[in-house]
Amino acid sequence: MGLAAMMPKKKTISRLGLCLWLITFWVTSAAGAGQALSVQVKAAQLRNGPSFLAPVVAVLDYGTRVEVVTEQNGWTQVQAAAGGGWVHASALTAKSLSLAAGKTTAVKDARSDELALAGKGFNREVEAQYRLKTGGAGYAWIDRMAQFNLPAAELVEFLKQGGVVPPGGPQ
Amino acid sequence: MKQDRRRFLGMATRMALAAVGANAFGVLLGGCKTMEVATQVGTAVGTATGVISGDQAESIQKAGKAVARSFEDFTPEQEYTIGRAVGAQLLERYPPYDSPALNTYLNTLGQALALASDMPETFNGYHFLALDSDQINAFAAPGGMVFVTRGLLRCCRSEDAAAAVLAHEIGHVQHRHGMQAIEKSRITEALSTVAAEGAKSLGGAQLAQLTRIFEGTIADITATLVNAGYSRAFESQADQAAVTIMARVGYDGSALVDMLEQMKGRLAPGGLDFAKTHPSPQSRIDEVRPKIRPASGPIPEIRRQRFARVMASV
């Protein structure tokens, strides 16, 4: 199937999708604007526009609750205690993460309750035990790897310099 | 595209169910409450007493059962912890290739591609590392740790082909294929047994048991990545994701076919690498070719040059 054949179909689907989303939101009235979501990544960047290039206005920790204002192209406009802005939808979840592993690191002596209540706490403590048991030789590089981070502006510059441009211009 | 539609239909169905069945919502809320009770119980026990009433033990068990379903019940943070351990295991089998220039290049390219994926955000982001091995192979650990051998990089004749390799691995992360390699029984064991066990003896014994289950979980995923390979359907999904991501960013999707052709010529039959864990390159080419958009023109000189510079060390 060529591109010409693919594109209109995709648009039809997303438009249909939008309609159905809206309908379901009206019916449930719990989702969409006003819905409470949780940050499901370690540090979500709250930006002042729906783009990875938009300036960061705040960083939201894992488990932070936000309220949905609106959604657009995979981005969610939210209101958080730290302020308003846009977060990519993949950084948010409707599930409650308030009992998740990360939280308990701030609570003293809570390790047992964390394991019991989440019942599935594959957390840092389990990792530490696992490292002891297996020797954990590979972790040195895993920790180094986790530091490999490039800012979005540099990524975009890399693509631009290489003449990597999607048809219809950069997005 | 089919994938999009299926996902959308699944979503619409879920939403419709939520709309029709207020009951279902009630059950969900009930589940949360149970969890809260368990929290309090656990906290009380954890802080001091060590004694627990029958009712409370039941609450903990319920909490365990309430969440004992599928890989999707793992939080993104747990998925990341699993991914780190899988990565550590892979690094015991395949030494890293410590080339700052190459690894910076792979991370720049890979993270740029990830931004255009359907899941640009994971718990701790996407990270890429070259492996010092002549085997033709690549691995995506849950959460976004991606490993590519020098052998596979040598199958790439352009930056666009390298982009195809990384985008394919991002596809595995985005579809959470690694997490789906965890044995169902292991998940149930992790969630319910541990919760029940917790009522009797919290602390060291429970941590030890959870660590054993964690070990099993890592073994499930590592065995799939290294020995068994994913299903043909998963590989096809990852190829589709690669083509989609490349088109969004502006790379030439046909470079995926070029890379597969190169691989076809280099794979040793019966080898321990891609040949063992992946569908044949030709079958992947036949399946993915119709989905690829035509190239918009030749690769610019500057892109060729920077790729050649980096590949000099590969």
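Residues numbered from 1 in each chain as written. Chains lettered and ligands numbered in written order. Predicted model: local features only at pLDDT ≥ 70, side-chain atom pairs only at ≥ 80, totals over all residues. Heavy atoms only, no water.

Q: Just checking my understanding: could you explain the overall build of chain A for this structure?
A: When helices and strands are tallied, chain A shows six helices and seven strands. Ordered by position from N to C terminus, the α and β elements of chain A give α-β-β-β-β-β-β-β-α-α-α-α-α. In chain A, which comprises 171 residues, the proportion classed as buried is 43%. Looking at chain A alone, contacts between residues at least 24 apart form 47% of all its contacts between residues at least 6 apart. When the accessible surface of chain A is summed, it comes to about 9,000 Å², and 58% of that surface belongs to carbon and sulfur atoms. (Helix = DSSP H or I, 4+ residues; strand = E, 2+ residues; numbered from the N terminus. Buried < 20%, exposed > 50% of the residue type's maximum accessible area, 1.4 Å probe, protein only. Contact = heavy atoms within 4.5 Å. Areas by Shrake-Rupley, 256 points an atom, 1.4 Å probe, with all protein chains shown as cover.)

Q: What am I meant to see in the pairing of strand β4 (residues 65-72) of chain A here?
A: In summary, the side chains of a regular strand alternate between the two faces of the sheet. Residue and element names in this part refer to chain A. Alignment of strand β1 (residues 36-39) against β4, held across three bridges, turns out to be antiparallel. Opposite A36, over in β4, you have E67 as the bridge partner. Bridging between β4 and strand β5 (residues 75-80) involves five bridges; their strand directions are antiparallel. Within the sheet, the bridge partner assigned to E67 lies in β5 and is Q79. Hairpin connection of β4 to β5: two residues between the antiparallel strands, including N73 at a positive phi of 50 degrees. (Pairing = 2+ DSSP bridges.)

Q: I would appreciate a short explanation of the side chain of H127(B) in the present structure.
A: With respect to the helices and strands, H127(B) occurs in strand β1 (residues 127-131). Among the polar contacts listed, one links the side chain of H127(B) to the backbone oxygen of F148(A), at a separation of 2.9 Å. Excluding its chain neighbours within four sequence positions, the residues that come into contact with H127(B) are M145(A), A146(A), F148(A), N149(A), N107(B), Q111(B), G144(B), M145(B) and V146(B). (Polar contact = N/O pair within 3.5 Å; in protein donor to acceptor, adjacent residues only side chain to side chain.)

Q: Sorry, what's going on with the state of the cysteines here?
A: Two cysteines form a disulfide when their sulfur atoms are joined by a covalent bond. Residues and elements named next belong to chain B. Per the counting criterion, the structure on display carries zero disulfides over all chains. As a non-bridged cysteine, C155 has C156 as the owner of its nearest cysteine sulfur, 6.6 Å distant. Residue classification places C155 among the buried residues on the basis of a relative accessible area of 0%. Given the relative accessible area of 6%, C156 is considered buried. (Disulfide = S-S within 2.5 Å.)

Q: Any chance you could explain the nonpolar core here in plain terms?
A: Note on soluble globular proteins: their nonpolar side chains tend to be buried together. All names here are of chain B. In terms of nonpolar packing, the biggest core is built from 57 residues, with L109, L113, L152, Y251, M259 and M263 touching the most fellow members. In terms of residue count, the dominant contributor to this core is helix α7 (residues 159-174) (nine residues). With near-sequence residues (within four places) excluded, M259 lies in contact with L152, C155, C156, A161 and V165. Listed in part, the 42 residues of the second largest apolar core include L131, M179, L191 and I218. (Core = buried A, V, L, I, M, F, W, Y, C linked by side-chain atoms within 4.5 Å.)

Q: Could you clarify how one ought to interpret the packing of aromatic side chains in this entry?
A: Each pair of aromatic rings is reported with the distance of its centres and the angle of its planes. By the definition in use, this model includes 10 aromatic pairs over all chains. An aromatic cluster of at least three residues, connected via ring pairs, comprises F122(A), Y130(A), F74(B) and F214(B). It is R144(A) that lies over the ring of W141(A); its NZ or CZ is 3.9 Å from the centre. Across from the ring centre of Y97(B), 4.1 Å away, lies the NZ or CZ of R150(B), which sits over that ring. (Phe/Tyr/Trp six-rings, centres within 6.5 Å; stacked < 30°, edge-to-face > 60°. Lys NZ or Arg CZ within 6 Å of the ring centre and 35° of its normal.)

Q: Sorry if this is basic, but what is going on with the pairing of strand β6 (residues 83-88) of chain A here?
A: Residues and elements named next belong to chain A. With five of six residues buried, β6 is to be regarded as a mostly interior element. Here six bridges tie β5 to β6, and the two strands are oriented antiparallel to one another. Along β6, the bridge assignment pairs Q77 with W86. Between β5 and β6, which pair antiparallel one after the other, the connecting turn spans two residues.

Q: Any chance you could explain unusual backbone geometry here in plain terms?
A: The general pattern is negative phi for most residues beyond glycine and trans for most peptide bonds. For N73(A), which is not glycine, the phi dihedral falls at a positive 50 degrees. As for its placement among the helices and strands, N73(A) is situated in the loop between β4 and β5. Here N73(A) falls in the exposed class, since its relative accessible area comes to 72%. Phi is positive for R176(B), which is not a glycine, with a value near 55 degrees. For R176(B), a relative accessible area of 19% gives the class buried.

Q: What am I meant to see in the packing of helix α4 (residues 124-134) of chain A against helix α4 (residues 76-93) of chain B here?
A: For any two helices packed against each other, the geometry is given by the interaxial angle and the distance between the axes. Look at α4(A) against α4(B): their axes get within 11 Å of each other, and the N-to-C directions meet at 15 degrees. Classed by the angle they form, the pair α4(A) and α4(B) counts as roughly parallel. In terms of crossing hand, the pair formed by α4(A) and α4(B) is right-handed. Between α4(A), through E127(A), Y130(A), R131(A) and T134(A), and α4(B), the contact on the second element is made entirely by T81(B), R84(B), A85(B), Q89(B) and E92(B). Among the residues forming the contact of α4(A) with α4(B), the class breakdown is two nonpolar, three polar and four charged. (Axes fitted to C-alpha atoms, helices over the stretch in contact; angles between N-to-C directions. Parallel < 35°, antiparallel > 145°, perpendicular 65-115°, else oblique. Left-handed = near helix turned anticlockwise from the far one by under 90°. Nonpolar A, V, L, I, M, F, W, Y, C, P; charged D, E, K, R; others polar.)

Q: What am I meant to see in the confidence of the model for chain A here?
A: Detailed conclusions should not be drawn from predicted coordinates in areas where pLDDT is low. Per-chain confidence: chain A averages 76 in pLDDT, with 66% of residues scoring 70 or above. Note on residues 18-31 of chain A: pLDDT is under 50 here. Beyond four places in sequence and across chains, it has 16 contacts. (pLDDT = per-residue confidence, 0-100.)

Q: What exactly am I supposed to notice about the sheet that holds strand β2 (residues 138-141) of chain B here?
A: Sheet strands associate in pairs through backbone hydrogen bonding, adopting either a parallel or an antiparallel arrangement. Residue and element names in this part refer to chain B. Ordered by their spatial adjacency, three strands build an open sheet running β1-β3-β2, and the pairing between neighbours is mixed. Strand pairing shows two members of the sheet lacking a second neighbour, β1 and β2, which therefore form its edges. Taking the axes of each pair of neighbouring strands and ignoring which way they run, one obtains an average angle of 15 degrees across the sheet. Sheet contacts for α7: β1, β2 and β3 (145-149); angle to β2, the most-contacted strand, approximately 35 degrees.

Q: Help me understand the confidence of the model for chain B, please; the structure alone is not making it clear to me.
A: All names here are of chain B. In the predicted model, chain B carries a mean pLDDT of 80, and the fraction of residues at 70 or more is 74%. Counted against residues more than four places away or in other chains, residues 8-68, with its pLDDT under 50, gives 59 contacts. Overall, residues 197-202 carries pLDDT values under 50, and its contacts beyond four positions in sequence, including any with other chains, amount to eight contacts. Scoring the predicted complex yields pTM 0.75 and, for the interface, ipTM 0.75.

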